[in-house]
Each structure stands twice: as C-alpha cells, then as structure tokens.
Amino acid sequence: MPLSRWSRRHKKTFGRKKPEPKVFLEEHRVPPKPTSYYTKMKGKCRFCGKIIKSKKTGQTNKRKSWHSECANEYMMIYHPGETRKRIWKRDKGKCAKCNNSFPRKSRQNKMKWHVDHIKPLWEQKGKRFKEIDLNYWKENNLQTLCFECHASKTKKEAGLRAKKNKK
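Our subject in this report is the structure included herewith. (Residues numbered from 1 in each chain as written. Predicted model: local features only at pLDDT ≥ 70, side-chain atom pairs only at ≥ 80, totals over all residues. Heavy atoms only, no water.)

1. Focus on helix α1 (residues 68–78)
Owing to its 3.6 residues per turn, the α-helix brings residues three or four apart onto one side.
At step 1: Most of α1 is tucked away: eight of the 11 residues are buried.
At step 2: Of all the residues in α1, the buried ones are Cys-70, Ala-71, Asn-72, Tyr-74, Met-75, Met-76, Ile-77 and Tyr-78. (Buried < 20%, exposed > 50% of the residue type's maximum accessible area, 1.4 Å probe, protein only. Helix = DSSP H or I, 4+ residues; strand = E, 2+ residues; numbered from the N terminus.)

Here is the structure:
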C-alpha cells in the first residue's frame, strides 16, 4: 500500500496520452509512462497492462484499474515524496557511506539527507523509450546519503561524465 494518499489527480490522466518523442533527452529524471498507463479500459492495469482478476470469482474486476503491487511500484517510481518516505523507512536515516544518522527533516544543509541513485540516472539520458531500464528508478538502486557524501559522490560522477563526453 502506498504511504502517500491516492488522490484525484491520478485520474486526470486517465485516457490521455502525451505525444511520444523519438529520443528520451531532457527529462531523464522521470521515466516515461508505460503505454498501458493511458488506457481507458476498466479491469486492465494501467501500469503492467494485464487484466485484473477478482480473487473470489476469478473474473475480470471492472471496478479496478491497478494491481496493488503495480500501484506501489508506480508510486515509488513517479512520486518523489513517496520515494523519500520509503527510503527513509528502510534506511532509518543512516548514510550509506559514513553511517551517520540524520533527522527526517531539517533546514540546515549539514543535517539534510539525500536519496541517491547508486547507478546514476544520466546513464539513461539520450536513450529511446524502449531501451530505458526502469530498474534505475526502483528501490534497490536508491540509497540514503548525507549532504557531504552526496556532494562528493556527485563530484566524482560529474568528472566521469565529463571524460565520457570528451570521447
């Protein structure tokens, strides 16, 4: 079950589809939505595209448009607030590098924690929709880092990315 409340804004996209660009460039921070997301058919999951069966009768459940596992995965990938809540709950505020604990919320940069992608998202930049790996946005590729550890990791990755771009 998602930690955030499911709201009406999720229904606004029901049946509407954005034009699909040929190359995935600017918005590498947010993965593309699956084609089944834009379906108008009730009883078919908007995330995986499979039919939703009723547990009691085994027939198609026309009242639902999400499997519960798919709704959880969708919220984790596409809603950063939900992602931060889950990672905080999993790691209990401990930095993966220096092992220091941090409060859930703070106004001081030295006390802030960041959700970091272990495999950096820029590796997905410039790929076509069919080539994109959704595992980059899933929970097993995320870690908690403190402000300083995240800054040093980002600096190293920026150097690697600059070397790669020169070639």
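Now that the structure has been shown, we can carry on.
2. Notes on the environment of Ala-158
At step 1: Tracing the backbone shows Ala-158 in helix α3 (residues 147–166).
At step 2: Between the C-alpha atoms of Ala-158 and Trp-122, which are 36 residues apart in sequence, the distance is 9.9 Å.

3. Notes on the packing of aromatic side chains
Each aromatic ring pair is specified by the distance between its two centres and by the angle formed by the two planes.
At step 1: On inspection of all chains with the given rule, the structure shows seven aromatic pairs.
At step 2: Seen from their ring centres, Tyr-37 and Tyr-38 are 5.1 Å apart, and the 85° between their planes marks the pair as edge-to-face. Comparing Tyr-37 with Tyr-38 shows no difference in burial state: the two are buried.
At step 3: Aromatic pair Phe-47 and Tyr-74: ring centres 6.3 Å apart, planes at 75°, arrangement edge-to-face. Here Phe-47, found in the segment before α1, pairs with Tyr-74, found in helix α1; they are 27 residues apart in sequence, far enough to count as distant.
At step 4: Given a relative accessible area of 3%, Tyr-74 falls into the buried group.
At step 5: By the ring-pair criterion, three or more aromatic residues cluster together here, those being Tyr-37, Tyr-38, Phe-47, Trp-66, Tyr-74 and Tyr-78.
At step 6: When the ring centre of Tyr-37 is taken as reference, the NZ or CZ atom of Lys-33 above it lies at 5.1 Å.
At step 7: Taking the ring centre of Tyr-37 as reference, the NZ or CZ of Arg-46 above it sits at 4.2 Å. (Phe/Tyr/Trp six-rings, centres within 6.5 Å; stacked < 30°, edge-to-face > 60°. Lys NZ or Arg CZ within 6 Å of the ring centre and 35° of its normal.)

4. Some thoughts on helix α2 (residues 80–91)
At step 1: If you check α2, its first and last C-alpha atoms are 16 Å apart, about what 12 residues at 1.5 Å a residue would give, namely 16 Å.
At step 2: On its buried face, α2 sits against α1, β1 (113–117) and β2 (142–146).
At step 3: With its phi angle positive at about 55°, Lys-92 sits one or two positions after the end of α2. (Expected span 1.5 Å × (residues − 1). Contact = heavy atoms within 4.5 Å.)

5. Observations regarding the nonpolar core
At step 1: Counting 16 residues, the largest nonpolar core has Phe-47, Trp-66, Tyr-74 and Trp-137 as the members making the most contacts within it.
At step 2: The next biggest cluster of nonpolar side chains, apart from the first, holds seven residues, and it includes Cys-95, Phe-102, Trp-113 and Leu-145. (Core = buried A, V, L, I, M, F, W, Y, C linked by side-chain atoms within 4.5 Å.)

6. Re the side chain of Asn-141
At step 1: Within the secondary structure, Asn-141 is located in the loop between β1 and β2.
At step 2: Residue Asn-141 is classed as buried on the basis of its relative accessible area of 3%.
At step 3: If we ignore the near neighbours within four places in the chain, the residues touching Asn-141 are Asp-116, His-117, Ile-118, Lys-119, Asn-135 and Tyr-136.

7. Section: the side chain of Asn-61
At step 1: Of note, Asn-61 is situated in the segment before α1.
At step 2: Looking at Asn-61, its side chain comes within polar contact range of the main-chain nitrogen of Arg-63, at 3.1 Å.
At step 3: The residues touching Asn-61, leaving out its near neighbours within four places in the chain, are Gly-43, Ile-52, Lys-53 and Ser-54. (Polar contact = N/O pair within 3.5 Å; in protein donor to acceptor, adjacent residues only side chain to side chain.)

8. Comments concerning a positive patch on the surface
At step 1: Positive charge collects at one region of the surface, where Arg-84, Lys-85, Arg-104, Lys-105 and Lys-112 lie side by side.
At step 2: Looking at the secondary structure, you find Lys-112 in the loop between α2 and β1. (Patch = residues over 30% accessible without salt bridge, like charges linked within 9 Å, V, L, I, M, F, W, Y side chains within 5 Å. Areas by Shrake-Rupley, 256 points an atom, 1.4 Å probe, with all protein chains shown as cover. Salt bridge = Lys/Arg side-chain N within 4 Å of Asp/Glu carboxyl O. Lys, Arg positive; Asp, Glu negative; His and termini not counted. Charge placed at Lys NZ, Arg CZ, Asp CG, Glu CD.)

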